[in-house]
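Coordinate analysis (summary)
Next come the chains, spelled out residue by residue.
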Amino acid sequence: MMKESPNCNLCPRNCNVLRKAGQKGTCGVSGKGIHVARAALHMWEEPCISGSTGSGTVFFSGCPLRCVYCQNYRIARAEIGKEITIDRLAEIFLELQVKGAANINLVTPTHYTPEIIEAVKVAEQNGLKLPIVYNCSGYESIHTLRQLEGVVDIYLTDFKYMESEPAKRYSRTEDYPEIAKGALQEMVRQQPQAEFNAQGMMVRGVIVRHLLLPNHLKNAKAVVQYVYETYGNQVYLSLMNQYTPLPHVADFPELDRKVTKREYKSLVEYAVSLGVEQGFIQEGETSGESFIPDFDYEGI
């Protein structure tokens, strides 16, 4: 067996840096440990993920994508985050299980994939029985995803762009559409059909999220069309209107407002017209910082 390279190429950026030697790639983190900003029960995911008890959500610091409009920008930029060991991460998983978590929800986990795999193994040896949720941006390496086969039960993935122009402008990833297509194909290969328990909680499957951005209805409809026409009822679609314009989008005036009710209604009606039945929509006034938790190292 070939020895794993110390150079980090876990995401499609292929930075090739020596993170454990202190070098930083696009994700913005380095060191031998895992940087985490929060680990707590989270009620703001889809109903089949949060349920009535909450999803056991672990927010990792740093992000390979770092979109300009990021709602969790402080951790995406690795401005905050406490460094912990693999063993401590395993303990956190078990502590969340004791608190009644419906699952273990790994938020922006890509750049810690090897460590997460080890932590899950350790936790399972010590009694962890919850489904593992991989909550990611959709900009994923197939090679990395294949390492997760048999570890991840639920892929909760974004599909942000079907158009290369906004992908380049907002995420510096002109190749996002093609990368996301390949990543989603691999996720569905691993989890080809959703499964739910008696309480209606998902225990296996794929949920594809799309956050509607202001002035980007055409891109959103293209995402919905591609996902539904390619996978049909194999995946669940989650259409979100919670976009919150934060101060750091000032250089992008087209993003400096909330999504209108008309824009979101048009997207939902388009999905229905295609035949989408398995999915989630957000009702009422959801845009706001209630979806953005305090990254105060709770549970770390």
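See the structure printed just above.
Notes on the structure in this doc start here. In this numbering scheme, every chain counts its residues from 1 along its sequence in written order. A pLDDT threshold of at least 70 governs which residues receive local features in this predicted model, and a stricter bar of 80 or more applies before side-chain atom pairs are shown or counted, although totals over entire chains, interfaces and linings include all residues. Where side-chain values are given, they derive from all heavy atoms of the structure, hydrogens and water being excluded.

**A look at the overall build of the protein chain**
Secondary structure follows DSSP: runs of H or I at least 4 residues long count as helices, runs of E at least 2 residues long count as strands, and numbering of each begins at the N terminus. Along the protein chain, the regular secondary structure elements total 9 helices and 10 strands. In this treatment the radius of gyration is a C-alpha quantity, and the globule benchmark scales as 2.2 Å times the residue count to the 0.38 power. Taken over C-alpha atoms, the radius of gyration comes to 18 Å for the protein chain, in line with the 19 Å a tight globule of 300 residues would show. Principal axes of the C-alpha set define a box for the protein chain whose edges measure 50 × 45 × 40 Å. Within the protein chain, the proportion of its 300 residues that are buried is 56%. The long-range fraction of contacts in the protein chain, counting pairs at least 24 apart against all pairs at least 6 apart in sequence, stands at 72%. Accessibility here uses a 1.4 Å probe with only protein chains present; expressed as a share of the type maximum, an area under 20% marks a residue as buried, one over 50% as exposed, and anything in between as partly exposed. Contact between two residues is taken to exist if any of their heavy atoms lie within 4.5 Å; hydrogens are not considered.

**Comments concerning unusual backbone geometry**
Of note, Ala78 is a non-glycine position whose phi angle comes to about 60°, a positive value. Looking at the secondary structure, you find Ala78 in the loop between α2 (73-76) and β3 (82-84). If you check the backbone angles, Arg172 has positive phi at about 55° while not being a glycine. With respect to the helices, strands and loops of the structure, Arg172 is situated in the loop between α6 (164-171) and α7 (176-190). Residue classification places Arg172 among the exposed residues on the basis of a relative accessible area of 53%.

Fair warning: the whole summary comes from geometry, so function is off the table for now.
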